[in-house]
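# Fold and geometry: a report
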Amino acid sequence: MPNVAEAVETKVESHLHPVASFDLADHPVPTGREEVWRFTPLRRLRGMLDGTPSTAHLGVHTTLPDGVSVREITTAEAVALGVPAPVDRPSALAVAQAGGAILVEVPPGRELHEPVLVELAGSGLDEQVYGQVVFSVGAYAGATIVLRHTGSARYASSVSVLVGEGANLNFVGLQDWADDTVHVGHVGLRIGRDARVRTVTASLGGDLVRLVETAEYEGPGGELEQFGLYFVDAGQHIEHRLFVDHNAPHTRSRVDYRGALQGKGAHSVWVGDVLIRTVAEGINTYETNKNLVLTDGCRADSVPNLEIETGEIEGAGHSSTTGRFDDEQLFYLRSRGIPEDEARRLVVHGFFADIIRRIGVPEVETRLLAAVEKELEIIVGPSAGSGSDEAGAA
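All residue numbers refer to positions counted from 1 along the written sequence of the respective chain. Side-chain atom pairs in this predicted model are given and counted only at pLDDT of 80 or more, local residue features only at pLDDT of at least 70, and totals for whole chains, interfaces and linings cover all residues. Values shown for side chains rest on all heavy atoms present in the structure; no hydrogens or waters enter the calculation.

## Focus on the overall build of the chain
Rules: A run of H or I in DSSP becomes a helix once it reaches four residues, and a run of E becomes a strand once it reaches two; helices and strands are each numbered from the N terminus. Per-residue accessibility, obtained with a 1.4 Å probe over protein chains only, is compared with the maximum for each type, and a residue is labelled buried under 20%, exposed over 50%, and partly exposed between these values. Residue contacts are defined here by distance: any two heavy atoms, one from each residue, within 4.5 Å place the two residues in contact. All accessible areas in this document rest on Shrake-Rupley with a 1.4 Å probe, and a residue is counted as covered only by the protein chains that are shown.
Across its full length, the chain carries six helices and 16 strands. The proportion of buried residues among the 394 residues of the chain is 56%. Of all intrachain contacts in the chain linking residues separated by at least 6 positions in sequence, the fraction that spans at least 24 positions is 87%. A total accessible area of about 16500 Å² is found for the chain, and carbon and sulfur atoms account for 50% of it.

The structure is reproduced here in structure tokens:
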């Protein structure tokens, strides 16, 4: 039997993803003809790919449970920790230009009973901002980490999440930007042997948000669940590109992303790719994406992929659906005396509720449900329980 080091592959690459590299020369300026950039409106990135240096930073606010530390480290120190290499030009620029990284550490064996909260706030669009954040969760630790983005910014980011052997992590990423923000970046997960990781990603704000999320395993037994939601309004572009690299045997992954779109020019992109390498025997994986189109004039691109290099697996599959309201659900609710607008609201809430309830932080769940309600007011008006004059008149 091969040992753990021999059972982890690192060299084989997916044809859907460029080679990961810290060398900026390996990430040329995209033209839009590349497979990984063909959905992204490059003209709306506002010069973010030209590499103009900047000393601007987002504001940082943290709430840390006892035992958790935060400090600044150099780029070299971040690389030495084993952070995943950048997979595109924006994340490579973030590493090269950020001037170091913010490191948040959960000590080995520490079981946290309160969430780690990190909020990054933008203050305007005048300057390009680069940022690198590293989260390190020690072996056999247990934690919930919430990373929230707010305000206005032109932001290129690199976020690394290093999860030690046997650890248990719930990681929540919130893109709660102002409507004018452009955010492009990479979230890289490295999952230790027998570790269990659940991520919830929510993108509700911004003019253009493009996140590449990658995951790889450091040994057998790692488990990953990735959940996501996005609500796209008129003229907004929200893009999530996921790559789960089963590079070790007996690993698990589940992906479930859901989006709603409303308004002319609303555009969502979800690309999910799972690579099952030759060494990854006994793995089990499934990915799904669901899109709910609420009005005319929207576009939802959904591209699930499976790349399988061994047949010695427990299971692998994917699915994708894009459509309007479920007529049967609406008929059922209306047949019980619920007005059509309220029935539509309930269907959308139910569509997202299964994702939101997995966050595990009540105040964040409440905030997201309120944000979904605010989005719905655009097409169906305030709910009967909102207390507004319109609702009362209805």
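## Topic: the side chain of T181
As a reminder, the rule being used: Here a polar contact means two N or O atoms within 3.5 Å. Within protein one must be a hydrogen donor candidate and the other an acceptor candidate, and residues neighboring in sequence count only if both atoms are side-chain atoms.
Its place among the elements puts T181 in the loop between β6 (168-175) and β7 (182-191). Under the relative-accessibility criterion, T181 is labelled buried at 0%. There is a polar contact of 3.1 Å between the side chain of T181 and the backbone nitrogen of A153. Apart from residues lying up to four places away in sequence, T181 is in contact with L125, G151, S152, A153, G206, D207 and L208.

## Some details on the packing of aromatic side chains
Rules: Centres within 6.5 Å make a pair out of two Phe, Tyr or Trp rings, where for Trp the six-membered ring is used; the pair is then stacked when the planes are under 30 degrees apart, edge-to-face when over 60, and tilted otherwise. Definition used: whenever NZ (Lys) or CZ (Arg) falls within 6 Å of the ring centre and also within 35 degrees of the ring normal, the charge is taken to sit over that ring.
Per the counting criterion, the structure on display carries four aromatic pairs. Taking the centre distance of 5.9 Å and the plane angle of 40° together, the rings of F231 and F352 count as tilted. Residue F231 is located in strand β10 (residues 223-232), and its partner F352 is located in helix α4 (residues 340-356); the two are separated by 121 residues in the primary sequence. By relative accessible area, which is 1% here, F352 ends up buried. Counting every residue linked through ring pairs, the aromatic cluster contains F231, F351 and F352. The ring of W37 has R210 lying over it, and the distance from NZ or CZ to the ring centre is 3.7 Å.

## Some details on the pairing of strand β14 (residues 284-293)
Selection rule: By this definition, two strands are paired if DSSP reports at least two bridges between them.
Within β14, eight of the ten residues are buried, which leaves the element mostly enclosed by the surrounding structure. Direction of pairing for strand β12 (residues 252-261) relative to β14: parallel, over a ladder of ten bridges. Bridged to R252 within β14 is N284. Pairing of β14 with strand β16 (residues 315-323) involves nine bridges; the strand directions are parallel. Residue pairing for β16: N284 is matched across the bridge by G315.

## Description of the pattern of salt bridges
Put simply, the rule reads: Every case where a carboxyl oxygen of Asp or Glu lies within 4 Å of a side-chain nitrogen of Lys or Arg is listed as a salt bridge.
The final tally for this structure, using the stated rule, is 19 salt bridges. Here D194 and R193 are joined by a salt bridge, their closest N and O atoms 3.9 Å apart. Look at D194 and you get partly exposed, because its relative accessible area is 43%. What makes R193 partly exposed here is its relative accessible area of 36%. The salt bridge involving R241 is made with E239; its shortest N-O contact spans 3.1 Å. Per residue, the accessibility class of R241 equals that of E239, and both read buried. It is possible to trace a salt-bridge network through shared partners that takes in D256, R258, D354, R357 and R358.

## Digging into the nonpolar core
To keep it simple, the criterion reads: The set of buried Ala, Val, Leu, Ile, Met, Phe, Trp, Tyr and Cys residues whose side-chain atoms join them within 4.5 Å is what this entry labels a nonpolar core.
Ranked by internal contacts, the top residues of the largest apolar core, which has 52 residues, are F135, V159, V161, L169, F171 and L224. Broken down by element, the residue count for this core peaks at eight residues, all from strand β5 (residues 142-163). Every residue in contact with F171, bar those within four places of it in the chain, is listed here: F135, I145, L147, V159, V161, R198, T199 and V200. One finds V146, V172, L229 and A260 within the second-largest nonpolar core, a separate group that totals 23 residues.

## Description of the environment of Q128
Summarising the element assignment, Q128 is placed in strand β4 (residues 116-137). In this structure, the C-alpha to C-alpha distance between Q128 and G51, residues 77 residues apart in sequence, is 9.3 Å. The contact partners of Q128, leaving out residues within four places of it in the chain, are M48, S54, A56, R154, Y155 and A156. Engagement of the side chain of Q128 in a polar contact is seen with the backbone oxygen of R154, the distance being 3.2 Å.

## Quick notes on unusual backbone geometry
In this structure, R46 is a non-glycine residue whose phi angle is positive, near 55°. Examined against the element boundaries, R46 turns out to sit in the segment before β1 (59-63). Accessibility expressed as a relative area gives 36% for R46, which makes it partly exposed. Although it is not a glycine, D194 sits at a positive phi angle of roughly 60°.

## Some points on the environment of D180
Along the chain, the position of D180 falls in the loop between β6 and β7. Here D180 falls in the partly exposed class, since its relative accessible area comes to 30%. In this structure the C-alpha to C-alpha distance between D180 and Q236, which are 56 residues apart in sequence, comes to 9.6 Å. Contacts of D180, omitting those with residues within four sequence positions, involve R46, L125, S152 and D207. Of the polar contacts made by the side chain of D180, one reaches the side chain of S152; its length is 2.7 Å.

## Here's the deal with helix α2 (residues 89-97)
In terms of residue burial, α2 counts as a mostly covered element, since seven of its nine residues are buried. Buried within α2 are the following residues: R89, P90, S91, A92, L93, A94 and V95. Just beyond α2, the residue with positive phi is G99, at close to 75°.

## Topic: the confidence of the model for the chain
Heads up, the condition is: The pLDDT value tells you how sure the predictor is about a given residue, anywhere from 0 up to 100.
Averaged over every residue, the pLDDT of the chain is 89; the share at 70 or more is 88%. Considering only residues more than four positions removed or in separate chains, one finds that residues 385-394, a stretch of pLDDT under 50, has six contacts.

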